[in-house]
Amino acid sequence: EAGVVQSPRYKIIEKKQPVAFWCNPISGHNTLYWYLQNLGQGPELLIRYENEEAVDDSQLPKDRFSAERLKGVDSTLKIQPAELGDSAVYLCASSFTSFHEQFFGPGTRLTVL
Amino acid sequence: DAKTTQPPSMDCAEGRAANLPCNHSTISGNEYVYWYRQIHSQGPQYIIHGLKNNETNEMASLIITEDRKSSTLILPHATLRDTAVYYCIVSGGSQGNLIFGKGTKLSVKP
C-alpha cells in the first residue's frame, strides 16, 4: 500500500515569493491534515479536512496561507507571499477517519532566503 | 486537552528494553494516551494508544497507571532503528486534535 505522498521534498525560495505544496493521501482516507514543524519542535496542526471540508483551520495564518482539497482527495497548501519565518518542514497526514491513527508523509522542507 | 511531561532525552542499550515515561496528571476521564515517534527526516509514525487498560501490539506495550496520571511506553528489545523522538499525547477519542510537544529523544546505542 502506497503511503502519503508529498512533493516537492525540498524547496528553496526567496522571501515574498509564492510557494505551493502538494499532498496525495492514502487511498480511502477521508481525513487529511497539514502540519508545520519547526526545528526541534513537534508538529503543529495548520488545517484538518474531512473529505473536502476544512473542519479545523483555526491555526492557519489566513493572511498568507491557503489550502484546498478539491474532490476530497489531493490537497495543496499555498503560501503567498513567503516570509523568512516560514522556513520549516510542512507535513501532510491522512487517516481513515479522525478517530483512526494518522499516517504522515515525509514532509516538504521549505527554506526562505 | 491535558498536557504531558516527558524527559527531553534518554539512552538505551541495543537489545535492552526501552522504557519511556510520560506524566499526564491532568488527564480527564474520556481522554486517551497516544504515542507517536519520529525518526530523523521522516514524518511521525503511530505506535499505540490506550484509555486505561494496558495495551500491546507488534511495536510496543503501553502501561497506564491505575490513576491514569502517568504511563510508560515499552519497546521490549530496542534496536538502532528505534532511535527517534517519541511523543506522548493526550486527547479525546478523536485523533484529529493531537497536540505534539517536544517529546523524548531516544538514542539506542550498540
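Shown above is the structure to which this text applies.
Heads up: these notes are all about the structure in this document. (Residues numbered from 1 in each chain as written. Chains lettered and ligands numbered in written order. Predicted model: local features only at pLDDT ≥ 70, side-chain atom pairs only at ≥ 80, totals over all residues. Heavy atoms only, no water.)

### Here's the deal with the environment of Ile63(B)
Residues and elements named next belong to chain B.
- Assignment of secondary structure puts isoleucine 63 in strand S6 (residues 61-64).
- Isoleucine 63 sits 36 residues away from isoleucine 27 along the chain, and the two C-alpha atoms are 15 Å apart.
- Those residues within four positions of isoleucine 63 in sequence are excluded, and the remaining contacts are Asn54, Ser70, Ser71, Thr72 and Ile74. (Helix = DSSP H or I, 4+ residues; strand = E, 2+ residues; numbered from the N terminus. Contact = heavy atoms within 4.5 Å.)

### Points about the side chain of Thr4(B)
All names here are of chain B.
- Counting through the fold element by element, threonine 4 comes out in the segment before strand S1 (9-13).
- Among the polar contacts listed, one links the side chain of threonine 4 to the backbone oxygen of cysteine 88, at a separation of 3.0 Å.
- In this view, threonine 4 contacts Cys22, Asn23, His24, Cys88, Ile89 and Val90; residues no more than four positions away in its chain are not counted. (Polar contact = N/O pair within 3.5 Å; in protein donor to acceptor, adjacent residues only side chain to side chain.)

### Concerning the pairing of strand S3 (residues 32-38) of chain B
Residue and element names in this part refer to chain B.
- Within S3, six of the seven residues are buried, which leaves the element mostly enclosed by the surrounding structure.
- Across seven bridges, S3 lies against strand S8 (residues 84-91) in antiparallel orientation. Note on S8: the bridge partner recorded for glutamine 38 is valine 85.
- When S3 meets strand S4 (residues 45-50), the two strands line up antiparallel, connected through five bridges. In the strand pairing of S4, arginine 37 is matched with glutamine 45. (Buried < 20%, exposed > 50% of the residue type's maximum accessible area, 1.4 Å probe, protein only. Pairing = 2+ DSSP bridges.)

### Quick word on the environment of Lys62(A)
Residues and elements named next belong to chain A.
- If you trace the backbone, lysine 62 turns up in the loop between strand S6 (53-56) and strand S7 (65-68).
- Sequence separation between lysine 62 and isoleucine 79 is 17 residues; the distance between their C-alpha atoms is 9.4 Å.
- Separated by 2.7 Å, the side chain of lysine 62 and the backbone oxygen of aspartate 57 make a polar contact.

### Notes on the side chain of Arg64(A)
Residue and element names in this part refer to chain A.
- Within the secondary structure, arginine 64 is located in the loop between S6 and S7.
- Under the relative-accessibility criterion, arginine 64 is labelled buried at 13%.
- Aside from chain neighbours lying at most four places away, what touches arginine 64 is Lys78, Ile79, Gln80, Pro81, Ala82, Glu83 and Asp86.

### Observations concerning the packing of aromatic side chains
- Within the structure shown, the criterion is met by eleven aromatic pairs over all chains.
- Between Phe104(A) and Phe100(B), the ring centres sit 6.2 Å apart and the planes meet at 85 degrees, which makes this aromatic pair edge-to-face. Pair noted here: Phe104(A) is in strand S10 (residues 103-104) and Phe100(B) is in the loop between S8 and strand S9 (104-109), and the two residues belong to different chains.
- Since its relative accessible area comes to 11%, Phe104(A) is described here as buried.
- The buried category is assigned to Phe100(B), whose relative accessible area is 8%.
- Linked through ring pairs, Tyr33(A), Tyr35(A), Phe104(A), Tyr36(B), Tyr46(B), Tyr87(B) and Phe100(B) together constitute an aromatic cluster. (Phe/Tyr/Trp six-rings, centres within 6.5 Å; stacked < 30°, edge-to-face > 60°.)

### Let's talk about the layout of surface pockets
- In this model, the largest pocket occupies a volume close to 1000 Å³.
- Taken together, 44 residues make up the lining of the largest pocket; nearest its centre are Gln37(A), Gly40(A), Gln41(A), Gln38(B) and Tyr87(B).
- Sorting the residues of the lining of the largest pocket by element identifies strand S9 (88-95) and strand S11 (108-112) of chain A together with S8 and S9 of chain B as the ones contributing at least two each.
- In terms of residue count, S8(B) provides more of the lining of the largest pocket than any other element does, six residues in total. (1 Å grid on protein atoms, 1.4 Å probe; cavity = no way out; pocket = protein on both sides within 12 Å on 5 of 7 lines; lining within 4 Å. Points joined across faces, edges and corners; volume = space filled by probe spheres on them.)

### Looking at the environment of Tyr34(B)
Residue and element names in this part refer to chain B.
- For tyrosine 34, the position within the fold is in strand S3.
- The exposure class assigned to tyrosine 34 is buried, which follows from its relative accessible area of 1%.
- For the pair tyrosine 34 and histidine 49, spaced 15 residues apart in sequence, the C-alpha separation works out to 4.3 Å.
- A polar contact of 3.2 Å, which involves the side chain of tyrosine 34, links it to the backbone oxygen of glycine 92.

### Remarks on the pattern of salt bridges
Residues and elements named next belong to chain A.
- If you walk through the whole model with that rule in mind, you get six salt bridges over all chains.
- Its salt-bridge partner being arginine 48, residue glutamate 50 comes within 2.7 Å of it at the nearest N-O pair.
- Overall, arginine 48 belongs to the buried group, its relative accessible area being 11%.
- Two residues, arginine 64 and aspartate 86, come together in a salt bridge whose shortest N-O distance is 2.6 Å. You can see arginine 64 sitting in the loop between S6 and S7 and its partner aspartate 86 sitting in the loop between strand S8 (75-79) and S9, a full 22 residues away along the chain. Judged on exposure class, the residue arginine 64 and its partner aspartate 86 are both buried.
- Residues joined by salt bridges that share partners form a network here, namely Arg64, Glu83 and Asp86. (Salt bridge = Lys/Arg side-chain N within 4 Å of Asp/Glu carboxyl O.)

In short, the description is geometric, and any link to function would need to be established separately.
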